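# Structural characterization, general
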Amino acid sequence: MHSRDALEEGGRPLAAVVDLGTNAARLALASLDGAGRLRSRGRHRELIRLGEGLAKAGRLSPGAFARGIACLGRFAAIVEERGVDLLDAVATSALREAADREDFLDAARAIGIPLRVIETGEEARLALAGVMAGLEPRPARALVFDIGGGSLEIIRAEEGGLAEEGGLAEEGGPAGGGGLAEADSLPAGVVHLTERHLEEMPTPADRVEACAAEVRALLRAIPFSAPGGEDIPLIGCGGAVALAWFIREGSAGEAGIDGTVLGADEIAGWVDRFARLGRKERGALAGFEPGREDVALAGLIVVRELLARTGAASFRVSTGGVREGRLLELLLGEIS
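Residues numbered from 1 in each chain as written. Predicted model: local features only at pLDDT ≥ 70, side-chain atom pairs only at ≥ 80, totals over all residues. Heavy atoms only, no water.

## A short note on helix α7 (residues 190-197)
For α7, the tally of buried residues reaches seven of eight residues, placing the bulk of the element in the interior. Looking at α7, one finds that the buried residues are Val190, Val191, His192, Leu193, Thr194, Glu195 and His197. Contacts from the buried residues of α7 go to α2 (54-57), α4 (93-97), β6 (142-147), α8 (205-220) and α12 (296-310). (Buried < 20%, exposed > 50% of the residue type's maximum accessible area, 1.4 Å probe, protein only. Helix = DSSP H or I, 4+ residues; strand = E, 2+ residues; numbered from the N terminus. Contact = heavy atoms within 4.5 Å.)

Structure (structure tokens):
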């Protein structure tokens, strides 16, 4: 039985995916258009800071647990109201680390959200597929980074990349473009970096440098050689989108952000400027999303150091990611 939305779209199924991260929870709904491309049917995001204090305590704080379940309850109501045909819900870094993750999963399932924890390999594969789905033309090679609250995923795509059974990493993948060749997950998420180095606002220069030094050390441990020695595009998703809102657009929301190009000098300048601002001054910036006042600096530092490590002069912003990759998987599986 198809949803009301699907009936309006000529009987095409409506899918929904929940992506529960360390800082933000997201719900995306989509169907396929006549050409087999994703058509967004709604996107929702809440900053819930699920990973607050997790690095020290090893488990979710009572407040974070409550915020997470309350948010999922609101998402469940949207899913019910829209009459979704296909639903999946995935959790990433925070619940991979939390000792009480089973308690949280049980609570989520009890309110109608079939939440499961995915490992870093699946997270990278889905993020790459979601990014590629939104690119025209889709590059055969790319280096994609996904800035999360708990981790930084770095994914290298190559034409004829390694295939994984049953997924979107088959050569080229249904989304087109390069397939997943290599992926690394680094403990450089913005929540953890902020709690270790950047809680003071304005942020002293020595704390900014301590954070940057940690990121540099993590990046040095992984290779960044381009396939065949050729230049490849650098594409950022996740927290990179949030940075683009206030760096370039001056208005909150993802409309018009996809494909934005941000330069290395631009990012470096914002690191210095943002560090000098207090919480209220950060929140008053045009386009700034409330709730990111403390963690945005860590995101800027990660991008600056990543650009320096790769030698890239700029990167392209993508609003695609894990949600879009999993939506494609669900919908393509429905019609295959």
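## Looking at the sheet that holds strand β5 (residues 115-117)
With respect to topology, five strands assemble into an open sheet ordered β3-β2-β1-β4-β5, the strand pairing being mixed. If you trace the sheet from one side to the other, it starts and ends with β3 (38-47) and β5, each paired once. Mean inter-strand twist for the sheet, computed between neighbouring axes without regard to direction, equals 20 degrees. Taken together, the six bridges between strand β1 (residues 15-20) and strand β2 (residues 24-32) define a ladder with antiparallel strand orientation. Counted as the bridge partner of Leu20 is Ala25 from β2. Contacts between helix α3 (residues 62-82) and the sheet are confined to β1, β2, β3, β4 (86-91) and β5, with β2 contributing the most and set at about 15 degrees to the helix. (Pairing = 2+ DSSP bridges. Axes fitted to C-alpha atoms, helices over the stretch in contact; angles between N-to-C directions.)

## Comments concerning the sheet that holds strand β10 (residues 261-263)
Backbone hydrogen bonds are what pair the strands of a sheet, in a parallel or an antiparallel way. Strand order in the open sheet formed by six strands is β8-β7-β6-β9-β11-β10, and the pairing between neighbours is mixed. Taken across any chain shown, the strands that pair with only one partner, and hence form the sheet edges, are β8 (179-186) and β10. Pairwise comparison of adjacent strand axes, ignoring direction, gives a mean angle of 25 degrees for this sheet. With three bridges joining them, β10 and strand β11 (residues 314-317) adopt antiparallel strand pairing. Directly across from Leu262, in β11, lies its bridge partner Phe315. Helix α10 (residues 264-275) rests against β10 and β11 of the sheet, and its axis sits at about 65 degrees to β10. Where α12 meets the sheet, its contacts fall on β6, β7 (152-158), β9 (234-238) and β11, and the angle it forms with β6 comes to roughly 160 degrees.

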